[in-house]
Amino acid sequence: MLSKKVRLDAHGEDSSYFLGWKEYEKNAYDDVQNPTGIIQMGLAENQLSFDLLEAWLASNQDAARLTKNGESVFRELALFQDYHGLPEFKNVLVDFMAEIRRNKVSFDPRKLVLMAGATSANETLMFCIAEPGDAFLLPTPYYPGFDRDLKWRTGVELVPIHCSSSNGFKVTKFALEEAYQQAQKLSLNVKGVLITNPSNPLGTTMSHDELEVLITFAIAKKIHIISDEIYSGTVFDHPSFISIMKALLDRKLEETEVWNRVHVVYSLSKDLGVPGFRVGMIYSNNETLVSAATKMSSFGLISSQTQYLLSKLLSDKKFTKNYMKENRKRLKARREMLVTALRDAGIECLKSNAGLFCWVDMRNLLSSNTFDAEVELWKKILREAGLNVSPGASCHCSEPGWFRICFANMSEETLKVSMQRMKAFVEKNTQQCRRGGGRVTHQESGCNSRRRSLSNWVLNLCSYDREPYR
């Protein structure tokens, strides 16, 4: 007999977000081998600047070959390394983090904990802050993988902070208080708020006012803030990115209790486009948390070889400056390509300034103002158009009809093919809706759907996306 955790289907991977991936893997698109296959638009991966990384590696053979001044360092790297990480890597990493934030905030390498990706970092913070059954509040829509990453092994519950399209899904004082009160009604002990900034899936940065509201809320409730900032280097347009650490400094909160209750998660997976290297980290001013998290990092270390290679790359300031500038330029151009093509097909997107995706409004394609209709539309896009996109229900959006579409994990030609398919699908779907009289307006499918009880949210969201405390 296996453990209860293994036997219970509580890992969160029955979501449509993951089911779409499974369908893609059965019939993956290839422009030569399988041109009618499914195109993966549900993967937030940055492949736009790989040529810059490859060019650097070609001209820096010492790093690639694990040598230093022509002498091998293989033995040194292959032998045991403790869980604190290579000092050289941590030093250049905090410099890189500061550079992304325009050097308006500095980071102390002693307060940095290296982890095998942001997934490990977020889960470790749950273990450090909360007990099983405690709750974290998360603004919706949010990354579907959090149900697995934050809940499965920790036993932590997630309570949605319902945000609305009426104000661009911004976090408000009212929404925070509403979520907190809902948690109290459920007898949940709220330990903190977790945000993604820039937002996944919105592709937007939080404003100074939003961060002010969040900090004030955390002070009043005596709770923690986790700011997942793994997309901070992808900001390609105004307004600029403001780190939660900068917002704390602006309010001169260094000597207050909240200073030790704010924690940043970062990774090189999105900004540098190396998710396979599994490089993540926690930054915190809380010495006790840093000490415990460092010990926990034994369960998910970054290899010494990876740390060595990346320490050489990040110490090349000329390269990192050029890379970040060019990468942002390419991301902006690619986003514009997607937005223009979708608009040509009659589909609008939320205005965004960061990330590897767009938050796409397909409410006018729904047969009715329900999540069932959203699931129906998602299935049709997957099967008829051959596109794997992420439905809003999987992101816990409280309004049906929104989808996340990624644009940086494919070639320009593949994106063109995907948009040709989307346009053909919309034209066909629109014609069918007109004949059947089933098309709904934005007004019908928008704000009216936001107010739903938590029990209805749990029971009726959709058959693929049933998770407690949404």
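What counts, and where the lines are drawn
Residues numbered from 1 in each chain as written. Predicted model: local features only at pLDDT ≥ 70, side-chain atom pairs only at ≥ 80, totals over all residues. Heavy atoms only, no water. Phe/Tyr/Trp six-rings, centres within 6.5 Å; stacked < 30°, edge-to-face > 60°. Helix = DSSP H or I, 4+ residues; strand = E, 2+ residues; numbered from the N terminus. Buried < 20%, exposed > 50% of the residue type's maximum accessible area, 1.4 Å probe, protein only. Lys NZ or Arg CZ within 6 Å of the ring centre and 35° of its normal. Pairing = 2+ DSSP bridges. Contact = heavy atoms within 4.5 Å. Axes fitted to C-alpha atoms, helices over the stretch in contact; angles between N-to-C directions.

Student: Help me understand the packing of aromatic side chains in this model?
Tutor: Counted according to the given criterion, the structure contains 13 aromatic pairs. With a centroid separation of 6.0 Å and an interplanar angle of 85 degrees, the aromatic rings of Tyr180 and Phe217 are classed as edge-to-face. Remark: Phe217 occurs in helix α10 (residues 208-221) and Tyr180 occurs in helix α9 (residues 173-185); sequence separation between them is 37 residues. Of the two residues examined, Tyr180 and Phe217, each falls in the buried class. One cation-aromatic arrangement involves Lys221 over Tyr180; the distance from NZ or CZ to the ring centre is 4.4 Å.

Student: Can you walk me through the sheet that holds strand β14 (residues 390-391) in this structure?
Tutor: The strands making up a sheet are joined through hydrogen bonds of the backbone, oriented either antiparallel or parallel. Strand order across the open sheet formed by four strands is β11-β12-β15-β14, with antiparallel pairing between neighbours. Only two strands of the sheet have a single partner each, and these edge strands are β11 (348-349) and β14. With two bridges joining them, β11 and strand β12 (residues 357-361) adopt antiparallel strand pairing. When the bridges of β12 are listed, Cys349 appears paired with Val360. Its contacts with the sheet put helix α14 (residues 317-344) on β11, β12 and β15 (402-406), and the angle it makes with β12 is roughly 15 degrees.

Student: I'm lost on the sheet that holds strand β10 (residues 280-284) in this one. Help?
Tutor: Taken together, seven strands build an open sheet; the order of strands is β4-β10-β9-β8-β7-β5-β6 and the sheet is mixed. Of all the strands in the sheet, just β4 (112-115) and β6 (157-161) have a single pairing partner and so form its edges. Each strand axis lies, on average, 25 degrees off the axis of its neighbour in the sheet, ignoring direction. Across the sheet, helix α6 (residues 87-100) is in contact with β4, β9 (262-267) and β10; its angle to β4 comes to roughly 105 degrees. Of the strands in this sheet, β4, β5 (135-139), β7 (190-196), β8 (224-228), β9 and β10 touch helix α7 (residues 118-129), which is tilted by about 160 degrees from β9.

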